[in-house]
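# Reading the structure
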Amino acid sequence: MRVSERGLTRRRFCAAGAALVPLVGSGTRVLGEVTTPQLAIDTHAHVFHRGLKLAAGRRYAPDYDAPLELYLQQLDANGMTNGVLVQPSFLGTDNSYLLECLKQARGRLRGIAVVDPAVSSQEIIALEKARVVGIRLNLVGQPLPDFSASEWKALLALVKSANWQVEVQRNASDLVGLAPKLLDAGVNVVLDHYALPDPKLGVDDPAFQSILKLGASGHMWVKISAPYRNGPGGAAFAKQAYPLLRVSFGPDRLLWGSDWPHTQFESSETYEKNRRFLNELVTDGRERADVLIAPRALFRF
C-alpha cells in the first residue's frame, strides 16, 4: 500500500520488507567497470507512529503516523540514496522503534539516538551495531547541561571513543557557550538548522558570527535544514547564511536534511519543497552534489 505524504498515514507500522534499497542517484560514478549511483544523503528525518509511548515533559505530540515506508518513498521520489533517522524528542530515550526501522531499512539508513547521560558502554556498543552513529541533544526549552558534571564527562568520553557525533539543537546564543565545551571533549559536533540564530537578526546575530569562527575547528558540521524553523523569513535568511557557512565550514561540512515530516510545519512543508529549495540555495550542480555526499564519512555510509 502506498500512502501520500500530505495526509501522512493513519496506518501504524514500520514497513517490514518495505525497503528495499534502490539506489536512485543524482548522477553516477564509474569505479573500474562498475557504475554506481552518486550518493545523495538526507541527514535529518523522523519516523514514528501514535502507538508509541511518549516521553514525559514533551513539548509536542503528533496526531498522525510517519512510517518508515513513507519516508523511503520520499527518498526514492526525490533522488536520494540514503537517509538518517533522528530520534524524535517526544519519544525520549526509548530508541526501540528507531532501531527497528534501521533494521528494516537494511543498511540504507543510519540513526541518531537520544540517550540518558548515564548510558553504559554496553548500550553504546549495541546502538552502534544497529547503525546508530551519534546522539542527539535537543535542548530547546530544556535546562542547559553541565558538561563538566561527571555523568556528562563519562558520556562524552564514550561518544569520543565510538567516534560518534553529538547533534545539538539550541538557539545560537546558547550554542556559542555549549559548542566549544563539546569540542574540548574531543567529539564531533553537528548543529541543527543553521544553528538557529535570532530570527530578527539573522546572519547579523553576533552568536551566529561566533559560530562561523568555530568552522576552523575541523570537528563541527552545520545542517542546512528546515529554514522555516528560523522564522517567517527563514528562506531568505538561509540564502544569506549559506555563502557565509560555505566559507567558514566548506561544503564538505554542511549537511542537507529534509526535516521530514516537518513536525509542527506539516501543513506548509513537503519533502519535495525542501529538496527543491536546496537547488535554489546551492545553485552549482557540482557543489550541490558535494553537499549531498558530504555526510558519507561522518555517518559511516
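This one's a predicted model, so the numbers in the text were calculated from it and none came from an experiment.

Rules behind the numbers
Residues numbered from 1 in each chain as written. Predicted model: local features only at pLDDT ≥ 70, side-chain atom pairs only at ≥ 80, totals over all residues. Heavy atoms only, no water. Helix = DSSP H or I, 4+ residues; strand = E, 2+ residues; numbered from the N terminus. Contact = heavy atoms within 4.5 Å. Axes fitted to C-alpha atoms, helices over the stretch in contact; angles between N-to-C directions. Left-handed = near helix turned anticlockwise from the far one by under 90°. Buried < 20%, exposed > 50% of the residue type's maximum accessible area, 1.4 Å probe, protein only. pLDDT = per-residue confidence, 0-100. Parallel < 35°, antiparallel > 145°, perpendicular 65-115°, else oblique. Nonpolar A, V, L, I, M, F, W, Y, C, P; charged D, E, K, R; others polar. Core = buried A, V, L, I, M, F, W, Y, C linked by side-chain atoms within 4.5 Å. Phe/Tyr/Trp six-rings, centres within 6.5 Å; stacked < 30°, edge-to-face > 60°.

### Structural notes on the side chain of Asn 78
The residue Asn 78 is located in the loop between helix H1 (68-77) and strand S4 (82-86) in this model. With residues near it in sequence (within four places) discarded, Asn 78 still touches Tyr 271, Glu 272 and Arg 275.

### Considering the packing of helix H5 (residues 172-184) against helix H6 (residues 206-213)
Running from N to C, H5 and H6 point in directions that differ by 35 degrees, and their axes come no closer than 8 Å. Viewed along their axes, H5 and H6 form a crossing whose handedness is left-handed. Contact residues: H5 offers Ala 172, Ser 173, Leu 175 and Val 176, while H6 offers Ala 207, Phe 208, Ser 210 and Ile 211.

### What about unusual backbone geometry?
Here the residue pair Trp 260 and Pro 261 is connected by a cis peptide bond, since its omega of 5 degrees sits within 30 degrees of zero. Relative to the elements of secondary structure, Pro 261 occurs in the loop between strand S10 (254-257) and helix H8 (271-281). At His 262, a position not held by glycine, the phi torsion is positive, near 60 degrees. His 262 sits in the buried class, given a relative accessible area of 1%. Positive phi, normally seen in glycine, also occurs at Gln 264, with a value near 75 degrees. For Gln 264, the location among the structural elements is in the loop between S10 and H8.

### Digging into the confidence of the model for the protein
The predicted model of the protein has a mean per-residue pLDDT of 90, with 88% of residues at 70 or higher. Here residues 10-35 scores under 50 on pLDDT; set against residues more than four positions off or in separate chains, the count is 64 contacts.

### A short note on the packing of H6 against helix H7 (residues 234-249)
Two elements in contact, H6 and H7, have axes whose closest approach is 9 Å; the angle formed by their N-to-C orientations is 30 degrees. The angle between the axes of H6 and H7 places the two elements in the roughly parallel class. In this structure, H6 contributes Phe 208, Gln 209, Ile 211 and Leu 212 to the contact, and H7 contributes Phe 237, Ala 241, Leu 244, Leu 245, Ser 248 and Phe 249. Tallied by class, residues from the contact of H6 with H7 come to 8 nonpolar, 2 polar and no charged.

### Quick notes on the nonpolar core
Counting residues in hydrophobic clusters, the biggest one holds 77 residues, and the most contacted among them are Tyr 71, Leu 109, Val 166, Leu 191, Tyr 194, Ile 224 and Leu 245. If you look at the next biggest cluster of nonpolar residues, it comprises 12 residues, including Ile 41, Val 86, Val 133 and Leu 298.

### Quick notes on the packing of aromatic side chains
Under the definition given, this model contains 8 aromatic pairs. Plain terms: the ring middles of Phe 208 and Phe 237 are 5.9 Å apart, the flat faces sit at 70 degrees to each other, and that makes the pair edge-to-face. Of the two residues, Phe 208 sits in helix H6 while Phe 237 sits in helix H7, which places them 29 residues apart along the sequence. Ring geometry for Trp 256 and Tyr 271: centres 6.0 Å apart, planes at 75 degrees, overall edge-to-face. Separated by 15 residues along the polypeptide, Trp 256 in strand S10 and Tyr 271 in helix H8 bring together distant segments of the chain. Take Tyr 271: its relative accessible area is 0%, and that puts it in the buried class.

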